[in-house]
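Summary of structural features
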Amino acid sequence: MTAPTEPWTRRAPVDLPGPEGDNSIAREPLWYAYGTGDDAPEPPPWTWAATPPPDSHVPPPPPRPAGPATPLPPGTTDHLSALPYPHVPAPAPAVPNALAHALTTTFAPLRREPENPYNEHRPYASPRCLFPVHAFVGDGEAWRLLEPTRHTLTGPGTGAPTRIALTGRYTAIPLAYQWFRGSLVAIETGMVLRALALGLELFGIPATLTPPTPDGPGLLRELGMEQTWEWSLPWLIDVDQPHPAVRRPTEPEPPAPEGDPSLRHVIDVNRGSLRGAGQHSICGYRRVGATSPTQPAPMTTAVPPTPPPSQRTPTWSELLWHRHSGRMPRALHGMDSAKCLTPLPTRTLTTALAWLGVPPPHPTLAAAFDDVTVTAVVQHIDGHTPGIHRVHDGTAHLLHQDPTAPAGLEANYGYGLTPVNGCGISNAPLTVFFSVRPRELFARFGPAGWSAAQHACGWAVHGLCLAAAAEGLFARPVRAFKEIQTKEVIGLGEDETIVLSAVVGVPRETGGAVLDLRT
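These lines cover the structure that appears in this document, whether it is placed above or below. What you see is a predicted model, and the numbers here were worked out from it, not measured in a lab.

To continue, consider the environment of Ala 405. Mapping Ala 405 onto the fold places it in helix α10 (residues 405–411). Assessed through its relative accessible area of 1%, Ala 405 is described here as buried. Along the primary structure Ala 405 and Leu 441 are separated by 36 residues, whereas in three dimensions their C-alpha atoms are 28 Å apart. Other than its neighbours up to four places away in sequence, Ala 405 contacts Val 377, Ile 388 and Val 489.

Okay, the sheet that holds strand β12 (residues 387–392) next. An order of β13-β12-β11-β15-β17-β16 is seen for the six strands of this open sheet, with the pairing classed as antiparallel. Because the sheet does not close on itself, it has two edges, and the strands there are β13 (395–401) and β16 (474–478). Taken pair by pair, the neighbouring strands of this sheet meet at an average axis angle of 25°, ignoring direction. Bridge analysis of strand β15 (residues 430–436) against strand β17 (residues 497–505) gives seven bridges, and the strand direction is antiparallel. Among the inter-strand pairings, Ser 435 is bridged to a residue of β17, identified as Ile 498.

Further remarks concern the packing of helix α3 (residues 98–107) against helix α4 (residues 180–202). At their nearest, the axes of α3 and α4 sit 8 Å apart, and the two run at 140° to each other. On the basis of their axis angle, the class for α3 and α4 is oblique. Once α3 is placed against α4, the crossing between them reads as right-handed. The residues of α4 that touch α3, namely those facing Leu 99, Ala 102, Leu 103, Thr 105, Thr 106 and Phe 107, are Val 192, Ala 195, Leu 196, Gly 199 and Leu 200. In terms of residue class, the contact of α3 with α4 is built from eight nonpolar, three polar and no charged.

Moving on, we come to the packing of aromatic side chains. A full pass over the atoms with the stated rule returns 13 aromatic pairs. The interplanar angle of 80° and the centroid separation of 5.2 Å between the aromatic rings of Tyr 32 and Phe 442 together place this pair among those described as edge-to-face. Remark: Phe 442 occurs in helix α11 (residues 438–445) and Tyr 32 occurs in helix α1 (residues 24–35); sequence separation between them is 410 residues. Residue classification places Phe 442 among the buried residues on the basis of a relative accessible area of 7%. Note on Phe 107 and Tyr 124: the rings are 6.2 Å apart at their centroids and 90° apart in plane angle, and the pair reads as edge-to-face. With a gap of 17 residues between them, Phe 107 in helix α3 and Tyr 124 in the loop between β2 (111–112) and β3 (133–138) connect regions that are remote in the sequence. The class of Tyr 124 is buried, set by a relative accessible area of 1%.

All chains considered together, the criterion is met by seven cavities of 30 Å³ or more. In this structure, the second largest cavity occupies an estimated 130 Å³ of space. As for the second largest cavity, its lining consists of 15 residues, of which Thr 77, Leu 80, Thr 104, Leu 110 and Arg 518 are closest to the centre. When residues in the lining of the second largest cavity are grouped by element, the largest group, three residues, is from helix α2 (residues 76–81). Considering only residue class, the lining of the second largest cavity consists of seven nonpolar, seven polar and one charged.

For the rest of this paragraph, the subject is the environment of Asn 421. Mapped onto the elements of the fold, Asn 421 is located in strand β14 (residues 421–423). Asn 421 gets classed as buried once you look at its relative accessible area, which sits at 12%. Non-local contacts of Asn 421, meaning those with residues more than four positions away in its chain, are made with Met 328, His 333, Gly 334, Tyr 415 and Gly 416. A distance of 3.5 Å separates a polar atom in the side chain of Asn 421 from the backbone nitrogen of Gly 334.

Within the fold, Thr 105 resides in helix α3. Taking relative accessible area as the criterion, Thr 105 reaches 5% and is therefore assigned buried. For Thr 105, the side chain forms a polar contact with the main-chain oxygen of His 101, separated by 2.8 Å. Thr 105 has contacts with Thr 76, Leu 80, Pro 123, Gly 199, Phe 203 and Leu 320, leaving out every residue within four places of it along the chain.

Procedures and definitions
- Residues numbered from 1 in each chain as written.
- Predicted model: local features only at pLDDT ≥ 70, side-chain atom pairs only at ≥ 80, totals over all residues.
- Heavy atoms only, no water.
- Helix = DSSP H or I, 4+ residues; strand = E, 2+ residues; numbered from the N terminus.
- Buried < 20%, exposed > 50% of the residue type's maximum accessible area, 1.4 Å probe, protein only.
- Contact = heavy atoms within 4.5 Å.
- Pairing = 2+ DSSP bridges.
- Axes fitted to C-alpha atoms, helices over the stretch in contact; angles between N-to-C directions.
- Parallel < 35°, antiparallel > 145°, perpendicular 65-115°, else oblique.
- Left-handed = near helix turned anticlockwise from the far one by under 90°.
- Nonpolar A, V, L, I, M, F, W, Y, C, P; charged D, E, K, R; others polar.
- Phe/Tyr/Trp six-rings, centres within 6.5 Å; stacked < 30°, edge-to-face > 60°.
- 1 Å grid on protein atoms, 1.4 Å probe; cavity = no way out; pocket = protein on both sides within 12 Å on 5 of 7 lines; lining within 4 Å.
- Points joined across faces, edges and corners; volume = space filled by probe spheres on them.
- Polar contact = N/O pair within 3.5 Å; in protein donor to acceptor, adjacent residues only side chain to side chain.

See the structure below:
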């Protein structure tokens, strides 16, 4: 994470992306173009194209390969309930079927909330509970699809699983999100990487992580996806030792449908992340050492070295169970934060900073996260001045006191308080923003920097979600802030763009049922 600086100290000497209605999602393609060197980017022609309403979207069926459905073993919750939080077991699997239990810990549904318009709820947050990132499990001969809702591995493989492929399906997200579908998949991939790293760690399974490689489309075909344009290039997680490299055909991909021009651009950005890797030396990555951008690296820890103990979640099972994004009663949308009548303990922010400070597992992602600026808007936390703080090296540095900042954020949030929508940002004790300077990001990392920063921010936000659960709070990842006004509230520079943010609030009791789906 970048060192704290005074706001507005660096200005770009060129025109920056215009307001375009100040919709941060619509501005994303402009920021990407600006990062590549376009000093006056124009909105793509499809920016304001008519699209079906998001609620009319029907996600495609699971990419289920032919073959039997092998049930995942029960008992994961019992194992997690026996693990005290925040203790992490030493490596070496201590239970049979450890990898299957790690997969259940990462992906399997935890609960259903009948009054919530979006279900199911897994251990990590997902936009509208769509979960576009899928996991395939390989045994060296064949691949099986992990189907979390069925608790099965589906496909022809019969050997012991040794490899996991993660890929995101862009068409699982409504067309109305247009270009932002790529960002949502990249952000959720980062969240899944942290959730999976935690699951592997809790069951003592060492692993290595390999970023997407140029033969990614060939791997997608190997996974069974002929329409490779629907999918992001896969990440590979090898249990214990990386598999030998496999040379796959590099035949051209089929084109995306003509009627979805924004998706064509999304795919170009995803595939283009590998272009220029040789020109942007990995030696320029501050944390990288000798590892190249597409080489395997150890799956490092997802947990802070000394997280504060929790008075709310004594076991890892309880921590994952209590993670949520804020609830509303009676099928209302949004989230609401109760007012803090007394200050929250200092530990609230200490825990959040500890989880935020854990670098992503691969050196490429860790280096990109070094270029992310983390800004925290704090109030009602004991020992901390209400206002704008910059986070660096596990410490929140006060930039300026401003008790009105949370109200300013709520005024610039895209889903304000209405009769059908809750919005508790003005009461939230903590709202965190992750921002980058695209021109600097591209200069340092090339096209790979864009997605790498999104992966890294997803990784960090999932950690923040777990920190909030440990303190009895909710954490809601959001991207609906109006960017220009919000940057003024939190003191970002003109040449910075917000990658992701999260609202940490005090949950209200809704009285609604919570159905336990754990196994």
